[in-house]
Amino acid sequence: MKGLSVAAAQPVHTPSGVLGRSLAEKFGMSDAPSVVTRTLWQAEIAVTDIRVDRPMGGLSDPLPRVDSFMICLMLEDIPENAYYEEGRQVSAYSLRAGDTTIHDLRREPAAVMDKPLHSILFYLPNTTLDALADQAGVRRISGLQYEPGVPVLDETIKHIGLSLMPAFRAPDQISRLFMDYVTLAFASHAAQTYGGMQTLAKPFKGGLAPWQERLSKEMIAGDLSDPKSLHEIAKACGLSVSHFSRAFRKSTGVAPHAWQLQARVESAKVMLRQRASSLSEIARACGFADQSHFTRVFARHVGLSPGAWRKSVLD
């Protein structure tokens, strides 16, 4: 599976060796599903699903020395994990499914690959942490604080990581707004919890102004087959991405990606009332990956399949 970019039109310049095939080779794999988002301007966040069923039995090649952090969510237990930084062993802790570890890629982290491994790796550059602070109007942090190889139980990262698993299995069925929203939440949580970044310069209270709510909804629902990114919508409203996300939820009661999904369903209902369009045509026009994706989402929201709903309203 190729790396999936759900970012805006700008190219994503993630350093080689921390995504997809390059990263997989360091763990003895042929490839690794990856997702890259650019929610913040000129800054990216990447997520990779790593699964090693047949470990190579030796010390893994160190990851590239770049000014970034790698945060790992373990999905399987690894007893006595021998962990190295800058060529020397610094710890040997047993990791359990659900544990999180943090790694500074400037220290060339590596581990002995003698046991099966399944984990989600979050790639978080310091440039992204800087962009997050700048958009929030707070002081930049120097990085993330951690103890090498020592696991922590972080329920927020655990639930965010698990929510991203469908993106690796069926990337075409994942909303771009959803990926923007979730990866932004991850970066904000990591920066605040492990870097001490302040939340916002001023306490957040209100929602969107009426014109901002109207404009954002128009942009989300305007072309469902080619959706705007969270960054583009926030910029049009004159807000940072994090401020816009909070304000939109405050005003509407749901996150932007959830509102988009409902808009797709409502648009599909309009087309279903017309006999001219087939289900596959409606699926494409409303931004669903294919007819089966359309059917699953529609049935989850409405309680009937598109075909059954069409029959009920036309008969």
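Preceding this paragraph is the structure being described.
Conventions used here
- Residues numbered from 1 in each chain as written.
- Predicted model: local features only at pLDDT ≥ 70, side-chain atom pairs only at ≥ 80, totals over all residues.
- Heavy atoms only, no water.
- Salt bridge = Lys/Arg side-chain N within 4 Å of Asp/Glu carboxyl O.
- Helix = DSSP H or I, 4+ residues; strand = E, 2+ residues; numbered from the N terminus.
- Buried < 20%, exposed > 50% of the residue type's maximum accessible area, 1.4 Å probe, protein only.
- 1 Å grid on protein atoms, 1.4 Å probe; cavity = no way out; pocket = protein on both sides within 12 Å on 5 of 7 lines; lining within 4 Å.
- Points joined across faces, edges and corners; volume = space filled by probe spheres on them.
- Nonpolar A, V, L, I, M, F, W, Y, C, P; charged D, E, K, R; others polar.
- Axes fitted to C-alpha atoms, helices over the stretch in contact; angles between N-to-C directions.
- Parallel < 35°, antiparallel > 145°, perpendicular 65-115°, else oblique.
- Left-handed = near helix turned anticlockwise from the far one by under 90°.
- Contact = heavy atoms within 4.5 Å.
- Core = buried A, V, L, I, M, F, W, Y, C linked by side-chain atoms within 4.5 Å.
- Expected span 1.5 Å × (residues − 1).
- Arc of directions from axis to C-beta.
- Pairing = 2+ DSSP bridges.
- Phe/Tyr/Trp six-rings, centres within 6.5 Å; stacked < 30°, edge-to-face > 60°.

Counting across every chain of the model gives 14 salt bridges. The residue Asp130 makes a salt bridge to Arg140 at a minimum N-O spacing of 3.5 Å. Here Asp130 is found in helix 2 (residues 126–136), whereas its partner Arg140 is found in the loop between helix 2 and strand 10 (152–153), with ten residues between them in sequence. A relative accessible area of 47% places Arg140 in the partly exposed class. One salt-bridge network, held together by shared partners, links Asp67, Glu85, Asp104, Arg106 and Arg107.

Bringing empty space enclosed by the protein into the picture now. One pass over the full model with this rule turns up two cavities of 30 Å³ or more. If you list the elements that add at least two residues to the lining of the largest cavity, you get strand 4 (68–74), strand 5 (78–85), strand 7 (99–104), strand 8 (110–111) and strand 9 (117–125). Class assignment for the residues of the lining of the largest cavity results in 15 nonpolar, six polar and four charged.

Running from amino to carboxyl end, helix 9 (residues 256–272) crosses helix 12 (residues 306–314) at an angle of 50 degrees, the nearest separation of the two axes being 10 Å. Judged by the angle between their axes, helix 9 and helix 12 are oblique. Where helix 9 crosses over helix 12, the handedness of that crossing is right-handed. Residues Lys269, Met271 and Leu272 of helix 9 pack against Pro306, Trp309, Arg310 and Leu314 of helix 12. Of the residues contributing to the contact of helix 9 with helix 12, the split by class is five nonpolar, no polar and two charged.

The subject of this paragraph is the nonpolar core. Judged by nonpolar contacts, the single largest core of 50 residues is most densely connected at Ile71, Phe122, Leu124, Leu144, Leu164, Phe186 and Phe244. When residues no more than four places from it in sequence are discounted, the contact partners of Phe122 are Ala46, Val47, Phe69, Met70, Ile71, Ile157, Ile160, Gly161, Leu164 and Phe186. By size, the runner-up hydrophobic cluster in this structure holds 18 residues, among which are Phe27, Ala46, Val66 and Leu117.

Okay, helix 6 (residues 210–222) next. The end-to-end C-alpha separation of helix 6 is 18 Å, in line with the 18 Å expected for 13 residues at 1.5 Å each. Among the residues of helix 6, Gln212, Ser216, Met219 and Ile220 are the ones counted as buried. Projected onto a plane normal to the axis of helix 6, the buried residues spread over an arc of 95 degrees and lie on a single side. Set apart from the buried face of helix 6 by more than 90 degrees, the exposed residues are Pro210 and Gly222. Buried-residue contacts for helix 6 involve helix 5 (176–195), helix 7 (230–236), helix 8 (241–252) and helix 9.

Along the polypeptide, Leu208 turns up in the loop between helix 5 and helix 6. Residues Leu208 and Arg246 lie 38 residues apart in sequence; the distance between their C-alpha atoms is 9.0 Å. The contact partners of Leu208, leaving out residues within four places of it in the chain, are Glu213, Ser216, Leu239, Phe244, Ala247, Phe248 and Ser251.

Moving on, we come to unusual backbone geometry. One non-glycine residue, Glu80, lies in positive phi territory at about 50 degrees. In this structure, Glu108 is a non-glycine residue whose phi angle is positive, near 50 degrees.

Our next topic: the sheet that holds strand 5. Here we have three strands laid out as an open sheet, ordered 6-5-8, and antiparallel in their pairing. The open sheet terminates on both sides in strands that have one partner only, identified here as strand 6 (88–95) and strand 8. Bridge count for strand 5 against strand 8 is two bridges, and the pairing is antiparallel. Paired with Tyr83 across the bridge in strand 8 is Ala111.

One pass over the structure, following the stated rule, counts six aromatic pairs. Ring centres of Phe122 and Phe186 lie 4.1 Å apart, and the angle between their planes is 20 degrees; on these two criteria the pair is classed as stacked. Of the two residues, Phe122 is situated in strand 9 and Phe186 in helix 5; the sequence distance between them amounts to 64 residues. This pair shows no difference in class: Phe122 is buried, exactly as Phe186 is. Here Phe298 and Trp309 contribute two aromatic rings whose centre-to-centre distance is 6.0 Å and whose plane-to-plane angle is 70 degrees, an arrangement assigned as edge-to-face. With a gap of eleven residues between them, Phe298 in helix 11 (residues 291–302) and Trp309 in helix 12 connect regions that are remote in the sequence. Trp309 sits in the buried class, given a relative accessible area of 9%. Among the aromatic residues, those joined into a cluster by ring pairs are Phe288, Phe294, Phe298 and Trp309.

Structural measurements only, silent on function.
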